[in-house]
Each structure stands twice: as C-alpha cells, then as structure tokens.
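Below are the chains, spelled out letter by letter.
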Amino acid sequence: MTKRQTEFLWRAEKYRVMFHSQRHYNLIRQAMREQMPHEEIKQLITEALTCTPTSGSMQNACQHMWGYFKKFASAEEKQHFLQLQEARNFQQVLHFLKKLADDYEVTYLIESRLLSNY
C-alpha cells in the first residue's frame, strides 16, 4: 500500500478511533509520523475499534468535530450542540454533527467513517 492510501485510511478513521480510544488515537498519530507500514496502521485502527468508548472519549471526539463549525455556526446550533453534549446523548450529537457537516459542506467530516451512518 502507498503512503497516500494509508493517509486516506487514517483520514477516514481518525474520529472513529478517537471516539473509541484516545490512547490508540495517540499511538496511530505517532505511527503515522514514523511512517509505519499500512498493515500496522490498519491493525492499530482495528484494535482501537474493539475498545468500548467511554463518555470522555466520545465527548472529546465530538468536541473536536464541533471545532469545524464553531466559527460560523449559529447561536441556536451552538446551543443545541451544547445541550446534546451535556445530555451525553452521543448518537444524537453525531447525527447533529453529520447534519452540520452536510449543511456546511465540510468534506473532511462528511468523509469520516464515524459520521457515515448518520
């Protein structure tokens, strides 16, 4: 596999990994810097996705994705995001982030596998 294919894989899986395991997210970031082989990166991603997400890891991933909208989202959208985050209803948070990504045409998030089911 090429470096480009590995970067594409990481781009698609980044937030899903973060949602499941901050530790694996950090490991994979380091592995990407060290240009580890594609299969090793893929294995780390697979491992990460077997981890049960914690409330903290889910909240962290959602906040990172929210960062794409914070400068231009409406006051109502911001309030809605904060309410969903506070309620810790992460399925609704992800659904809302997917809607925002589509509405604001944020390709990076639209292509994220974490949001692909919403």
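Throughout what follows, the structure given in this document is the object of discussion. (Residues numbered from 1 in each chain as written. Predicted model: local features only at pLDDT ≥ 70, side-chain atom pairs only at ≥ 80, totals over all residues. Heavy atoms only, no water.)

## Comments concerning the environment of Gly56
Consideration 1: With respect to the element layout, Gly56 can be found in helix α4 (residues 55-66).
Consideration 2: Gly56 sits in the partly exposed class, given a relative accessible area of 47%.
Consideration 3: The spacing of Gly56 and Arg88 is 32 residues in sequence and 9.7 Å in space, taken between C-alpha atoms. (Helix = DSSP H or I, 4+ residues; strand = E, 2+ residues; numbered from the N terminus. Buried < 20%, exposed > 50% of the residue type's maximum accessible area, 1.4 Å probe, protein only.)

## Focus: the side chain of Lys98
Consideration 1: Along the chain, the position of Lys98 falls in helix α6 (residues 90-104).
Consideration 2: Setting aside chain neighbours within four positions, we find Lys98 in contact with Ile110, Leu115 and Tyr118. (Contact = heavy atoms within 4.5 Å.)

## Let's talk about α4
Consideration 1: With 12 residues, α4 should reach 16 Å at 1.5 Å per residue; the first-to-last C-alpha distance of 16 Å fits that figure.
Consideration 2: Considered for burial, the residues of α4 that qualify are Ser57, Met58, Gln59, Ala61, Cys62, Met65 and Trp66. (Expected span 1.5 Å × (residues − 1).)

## A look at the packing of helix α5 (residues 75-87) against α6
Consideration 1: Where α5 contacts α6, the axes come no closer than 8 Å and their chain directions differ by 155 degrees. Accordingly, the angle class assigned to the pair α5 and α6 is roughly antiparallel. Crossing hand, α5 versus α6: left-handed. Along its contact with α5, which presents Glu77, His80, Phe81, Leu84 and Gln85, the element α6 presents Phe90, Gln92, Val93, Phe96, Leu97, Leu100 and Tyr104.
Consideration 2: Classifying every residue of the contact of α5 with α6 by side-chain character gives 8 nonpolar, 3 polar and 1 charged. (Axes fitted to C-alpha atoms, helices over the stretch in contact; angles between N-to-C directions. Parallel < 35°, antiparallel > 145°, perpendicular 65-115°, else oblique. Left-handed = near helix turned anticlockwise from the far one by under 90°. Nonpolar A, V, L, I, M, F, W, Y, C, P; charged D, E, K, R; others polar.)

## Some points on the packing of helix α1 (residues 3-20) against α4
Consideration 1: One can describe the packing of α1 onto α4 by two numbers: an axis separation of 6 Å at closest approach and a directional angle of 150 degrees. Of the possible angle classes, the one that applies to α1 and α4 is roughly antiparallel. Counting all contacts with α1, which are made through Tyr15, Met18, Phe19 and His20, the residues of α4 involved are Ser57, Met58, Asn60, Ala61, Cys62, His64 and Met65.

## Brief notes about the pattern of salt bridges
Consideration 1: Summed over all chains, the structure comprises 6 salt bridges.
Consideration 2: A salt bridge links Arg16 to Glu13, with the shortest nitrogen-to-oxygen separation between them at 2.7 Å. Here the residue Arg16 and the residue Glu13 both occupy positions in helix α1, the gap between them amounting to 3 residues, near one helical turn.
Consideration 3: Arg16 gets classed as partly exposed once you look at its relative accessible area, which sits at 26%.
Consideration 4: Asp103 serves as the salt-bridge partner of Lys99, at 2.5 Å between the closest nitrogen and oxygen. With Lys99 and Asp103 both in helix α6 and 4 residues apart, the pair spans about one turn of that helix.
Consideration 5: By relative accessible area, which is 43% here, Lys99 ends up partly exposed.
Consideration 6: Overlapping salt bridges bring together Glu13, Arg16 and Arg113 as one network. (Salt bridge = Lys/Arg side-chain N within 4 Å of Asp/Glu carboxyl O.)

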